[in-house]
Every structure is written in structure tokens, then in C-alpha cells.
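What the coordinates show
For reference, the chains in residue letters:
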Amino acid sequence: MTTSRIPGFYNLTLEERRAKLADASPLSPGELIRLTSPLAPDIASHMVENALGTFSLPLGIALNFMVNGRDVLVPMVIEEPSVIAGASFMAKLARANGGFTATSTEPLMIGQLQVLDVEELSQAAERVLAKKAELLTYVDAAESSLKSRGGGARDLEVRIIEESPIGKFLVIHLIYDVRDAMGANAVNTACERLAPKIEEITGGRAHLKILSNLTDKRMAKATCVIPVNELEILGQVDNLSYTGEEVRDGIIAAYAFAAADPYRAATHNKGIMNGVDPVVIATGNDWRAIEAGAHAYAARSGKYTSLSTWSKDKDGNLAGELEMPLAVGIVGGATKVHPAAQAAVKLMNVKSAGELAEIVVSVGLAQNMAALRALATEGIQRGHMSLHARQVAIAAGASGELIEKVASQMAEERVVRIERAVEILKSLESGK
Ligand code: NAD
């Protein structure tokens with residue numbers, strides 16, 4: 001049975017970590033190798049144009065995650081230090097109270113048709129709506145493997161854009177169930193099939209036919225409750241000491257800043273995406289699509305704001321909630337062709353796109369809390385320093401065990417600069 005609790009994982013060597021993961025996860029030895037193997041250049045050259053090779057990033061495992069009562073080992077692909085540690089730490093705290101509770105909606109994507117040159121917009125809109133059932137049946141009549149899997153056209157919506165640089169026009173939304181796919185290709189194909197019928201009915205010209213990345217009918221939500229006494233641990237950093245209540249109130253005040261101010265909200269939401277994107281990337285999903293959807297959703301009221309909320313529940317505990325659009329798939333796209341992405345999906349043992357979205361949104365919430373906790377107590381730089389110092393040590397030319405030595409000396413001195421790393425490295429190499 002999978003366990004996401006592997007104490008001391010961070011202290012192990014790479015080989016020892018792989019051996020531990022083999023014991024703790026459902027992956028076979030071959031799948032474990034694939035999880036961390038580079039993409040073969042010949043596959044890469046079929047994925048993009050003008051390919052020369054591949055570019056790799058670190059892949060780590062976030063531990064301690066329990067989502068809807070199930071332990072899950074979360075693969076994260078990211079170059080930024082502190083993220084995997086932060087998410088794992090917060091997941092450990094959330095675990096004490098049952099972990100994350102997550103839900104996802106049906107996988108409904110929106111395909112858009114921009115209809116130009118329509119004479120009477122309102123009347124055309126009414127004619128389209130009157131033929132809705134017929135149009136949906138028409139879209140679904142096309143040969144589609146999605147249909148046989150229970151997906152397909154679900155609804156039509158009509159909007160009139162009243163103001164734009166070219167004046168008014170009509171927009172049709174085709175609501176399409178894409179099951180376990182991200183669904184871009186299926187939705188775009190369905191929109192193109194629908195277009196001539198819409199032109200016939202409206203007398204206009206169907207110009208753009210493409211999905212929207214503001215997938216607000218395909219949402220995922222995670223919640224967690226952190227007992228206030230658990231928060232006490234977070235308040236003990238070096239010579240600083242905060243009570244659980246102080247940490248809780250500090251996190252809530254930090255959230256309030258993001259709720260009220262777009263400048264802060266952008267950074268707050270970036271912290272959430274620090275958790276979301278690495279899982280999206282590890283599973284071969286389109287992170288630009290997820291980013292676009294997240295930020296557009298954050299601005300849905302007309303004012304950009306926080307994607308998450310943090311509050312005090314009736315028992316005085318810290319309650320977090322993150323709800324966002326999450327159009328991720330477990331079939332299709334790069335997920336299908338990248339062997340590491342397939343292994344990542346298998347590692348999490350997810351059986352549907354919704355289940356993957358529920359894990360992703362939980363990691364986003366954990367990561368958000370990690371950043372808020374650091375900001376509200378020690379400040380971000382202190383916690384970040386030793387990990388950041390390792391990157392600076394590598395940049396200065398350190399390798400092997402010298403990386404750790406140079407990094408810890410810089411962290412101790414609280415001077416994390418490449419010039420200092422070079423000096424320390426030189427003195428260590430010369431044995432002084
Ligand atoms: P896809 O077309 O490769 O895969 C989806 C197909 O998988 C379905 O049409 C179906 O035939 C098959 N399938 C098998 N089992 C399935 C199941 N259980 N549920 C659903 N389908 C199943 O990929 P896609 O998901 O349509 O598109 C994803 C790709 O499209 C990504 O690579 C993305 O980058 C790209 N894309 C994105 C945008 C955008 O976001 N604006 C636009 C165009 C393309």
C-alpha cells in the first residue's frame with residue numbers, strides 16, 4: 001500500500017531515496033527509472049518543431065500528502081528551492097487533521113465561436129438557442145472516441161459582446177465534456193464542426209473557433225483545517241517564538257492583504273502556482289493553460305484577487321480553501337507520449353482527470369500556506385536562505401560535498417552571494 005510518510009527522506013542519498021520510493025509506491029522498478037529518465041531525443045523531435053534535444057529540470061517528491069483520506073506521493077518538477085520542502089511540511093501538518101478534502105466538477109470545457117457580421121444580434125441569439133438541442137445532437141453525431149467514453153456536447157450558451165474595438169458581435173459557447181483529457185483538441189474540433197451550422201442560423205461569419213482557457217466550469221477545490229496547537233510548531237524558528245494563535249492570525253492577515261490588493265495578490269497566487277505548476281508539468285500537462293485559467297479566474301470580478309481564502313473556524317483553528325479552474329488530463333497531449341509523465345500519473349495512482357485536479361489543488365493550497373507561514377513569521381528569506389545558498393554554491397563552481405559545505409558557511413554568515421561562494425570554495429579547495 002502506498003504511504004506518503006517517509007521520515008528522513010530528505011537526508012537520504014539519491015539512490016536511497018529511489019529505493020525507499022520503490023517500497024512506498026505502486027511503481028515497478030522500470031517505471032521508477034522512467035520517472036526520472038530524460039525524454040528520448042527522437043520523441044522530443046516529434047513533439048516540437050526544430051528540436052535539438054531536451055532540457056531537464058529537477059523532479060522531487062512531495063511527501064505527507066493525504067487527499068480525501070488517501071496517501072499520495074506527489075511528483076513535482078521545479079527549479080526553485082524550498083517549494084517541495086514547504087509543501088511536504090504543510091501536508092504533514094494538514095495530515096494531523098485528516099489531510100486535504102478535495103472535490104472537482106465534471107470535466108466541462110468551453111469552446112468559443114466568434115460570430116461576425118450578424119445583422120440582428122438578439123434575434124440571431126434567440127434562433128441559436130431555439131435550435132440548441134438539434135445543434136448539440138449534430139456536434140455529437142461526429143465520430144468521436146470521447147462520445148463512446150461518455151463525453152461530448154452538453155450545452156450551448158450565447159453571449160453578445162456589446163463593446164469591442166470592432167463593435168458588437170455574437171459569441172457562442174459550446175460546453176463540452178472531455179472526460180479524462182485536457183480536451184483542447186476535442187473542443188477545437190467540435191467548434192469547427194459547429195461553425196457552418198451557426199453561420200446558417202445567424203447569417204453571420206464564424207471567425208474564431210477555439211477553446212477558452214478560462215475553464216470556470218471545470219473547477220477543483222481543496223480545503224484543510226490546521227489545529228491551532230499544530231501551528232505552534234511553525235512559530236518556533238531559531239530565536240523567534242510565536243504562539244499558534246499568532247501564527248494563525250498572521251496567516252489570515254497575510255491572506256487579507258492579497259484579498260484586498262492586486263499587487264500582493266499576484267505574488268500570493270504565484271505562491272499557489274508554485275505548488276500547482278510542478279505537478280502539472282510532471283504529468284505532461286499544459287501549464288500555460290493552467291496559469292492562464294488561474295489568473296483570469298482571479299480577476300473574474302473585475303478586480304484581481306487571491307485565489308485562496310484563510311480564516312479562523314468556530315473552534316479557533318486555521319481553515320484554508322483554494323478553488324480554481326484546473327483543466328488537467330491523464331490521457332492525450334504530452335501525458336501520452338512522455339514516459340516520465342505516464343510514470344508520474346501512475347505514482348499518484350489517479351484514475352481520472354478529476355482525481356488528478358484534486359491532488360493538484362491540494363498541493364497549491366499547501367504551498368500557499370507554506371509561503372504565508374514563512375512571511376507571517378520568520379520572513380521568506382531566512383527559510384529560503386540555506387536552499388538558495390546551495391544553488392549559489394553550484395553557480396560558483398562547487399560540486400559533490402563541497403556544495404553543502406559552501407552553502408552552510410554562507411547561510412551561517414548570512415551572506416549568500418556568488419563572490420563569497422567563490423572565496424569559500426577556494427579556501428576549502430586549498431584546504432585552508
Ligand atoms: P489529445 O487530443 O491528444 O487527447 C485526447 C484524446 O484522447 C481524446 O480525443 C480521446 O480520443 C482520447 N482518450 C482516450 N481515453 C480517454 C478518456 N478516458 N477521456 C478522454 N479522452 C480519452 O489531447 P487533448 O487533451 O485534446 O489536448 C491537449 C493538448 O492540446 C495539450 O498538449 C495542449 O498543450 C494542447 N492545446 C492547448 C490549447 C490551449 O490551451 N489553448 C490549444 C490547442 C492545443
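The structure under discussion appears in the preceding block.
Our subject in this report is the structure included herewith. (Residues numbered from 1 in each chain as written. Predicted model: local features only at pLDDT ≥ 70, side-chain atom pairs only at ≥ 80, totals over all residues. Heavy atoms only, no water.)

Moving on, we get to the overall build of the chain. Helix and strand counts for the chain come out as 18 helices and 14 strands. Relative to its full complement of 432 residues, the chain shows a buried share of 47%. Put simply, of all contacts in the chain between residues at least 6 apart along the chain, 72% involve residues at least 24 apart. When the accessible surface of the chain is split by element, carbon and sulfur atoms take 53% of a total near 20700 Å². Distance from the positive charge centre (44 side chains) to the negative charge centre (51 side chains) of the chain: 2 Å. (Helix = DSSP H or I, 4+ residues; strand = E, 2+ residues; numbered from the N terminus. Buried < 20%, exposed > 50% of the residue type's maximum accessible area, 1.4 Å probe, protein only. Contact = heavy atoms within 4.5 Å. Areas by Shrake-Rupley, 256 points an atom, 1.4 Å probe, with all protein chains shown as cover. Lys, Arg positive; Asp, Glu negative; His and termini not counted. Charge placed at Lys NZ, Arg CZ, Asp CG, Glu CD.)

This part takes up unusual backbone geometry. Generally, phi is negative for residues other than glycine and the peptide bonds are trans, each holding for most cases. Residue Asn64 is not a glycine yet carries a positive backbone phi of 70 degrees. Within the fold, Asn64 resides in the loop between strand E1 (59-62) and strand E2 (66-67).

Judged by nonpolar contacts, the single largest core of 60 residues is most densely connected at Phe65, Val74, Val276, Trp310, Met324, Leu326 and Met369. Here this core gets eleven residues from one element, more than from any other, and that element is helix H15 (residues 353-376). Setting aside its immediate chain neighbours within four residues, Phe65 contacts Ser4, Arg70, Asp71, Val72, Val74, Ala87, Ala91, Arg95, Phe100, Ser362, Val363 and Ala366. With 32 residues, the next largest nonpolar core counts Leu113, Ala125, Ala195 and Ala206 among its residues. (Core = buried A, V, L, I, M, F, W, Y, C linked by side-chain atoms within 4.5 Å.)

This next bit is on the sheet that holds strand E5 (residues 101-104). Taken in spatial order, the four strands make up an open sheet running E5-E10-E14-E13, and their pairing is antiparallel. At either end of the open sheet lies a strand with only one pairing partner, and these are E5 and strand E13 (308-312). Averaged over all neighbouring strand pairs, the angle between strand axes comes to 10 degrees, with direction disregarded. One ladder, built from eight bridges, connects strand E10 (residues 219-226) with strand E14 (residues 318-325); its direction is antiparallel. Bridge pairing in E14 places Ala222 opposite Leu322. Set on the sheet, helix H10 (residues 244-260) makes contact with E13 and E14; between it and E13 the angle comes to about 145 degrees. Together, E10 and E14 form the strand contacts of helix H12 (residues 287-298), whose direction differs from that of E14 by roughly 115 degrees. (Pairing = 2+ DSSP bridges. Axes fitted to C-alpha atoms, helices over the stretch in contact; angles between N-to-C directions.)

Take the packing of aromatic side chains next. Tallied over the full model, the rule gives one aromatic pair. Plain terms: the ring middles of Phe65 and Phe100 are 5.5 Å apart, the flat faces sit at 20 degrees to each other, and that makes the pair stacked. Note that Phe65 is positioned in the loop between E1 and E2 and Phe100 in the loop between helix H4 (83-95) and E5, a separation of 35 residues in sequence. Residue classification places Phe65 among the buried residues on the basis of a relative accessible area of 0%. Taking the relative accessible area as the measure of exposure, Phe100 reaches 1% and is therefore buried. Over the aromatic face of Phe9 sits the side chain of Arg17, whose NZ or CZ is 6.0 Å from the ring centroid. Between the NZ or CZ atom of Arg288 and the centre of the ring of Trp287, over which it lies, the distance is 4.4 Å. (Phe/Tyr/Trp six-rings, centres within 6.5 Å; stacked < 30°, edge-to-face > 60°. Lys NZ or Arg CZ within 6 Å of the ring centre and 35° of its normal.)

Attention now goes to the site of the ligand. The environment of the ligand is formed by 20 residues, the closest being Ser145, Arg149, Gly183, Asn213 and Asp286. Between an oxygen atom of the ligand and a side-chain N or O atom of Asn213, the distance comes to 2.9 Å. Summarising the interface, the protein chains cover 72% of the accessible area of the ligand, which totals 870 Å² for the free molecule. Among the elements that make up the shell around the ligand, the one with the highest residue count is helix H8 (residues 184-202) (four residues). (Near = heavy atom within 4 Å. Polar contact = N/O pair within 3.5 Å; in protein donor to acceptor, adjacent residues only side chain to side chain.)

What follows is about the pattern of salt bridges. Counted according to the given criterion, the structure contains 20 salt bridges. As a salt-bridge pair, Lys314 and Asp315 come within 3.7 Å of each other at their nearest N and O atoms. The closest approach of N and O atoms between Glu419 and Arg417, which form a salt bridge, is 3.5 Å. Glu419 gets classed as partly exposed once you look at its relative accessible area, which sits at 46%. Among the residues examined, Arg417 registers a relative accessible area of 47% and is labelled partly exposed. By sharing partners, the salt bridges in this structure join Glu106, Arg154, Asp177 and Arg179 into a single network. (Salt bridge = Lys/Arg side-chain N within 4 Å of Asp/Glu carboxyl O.)

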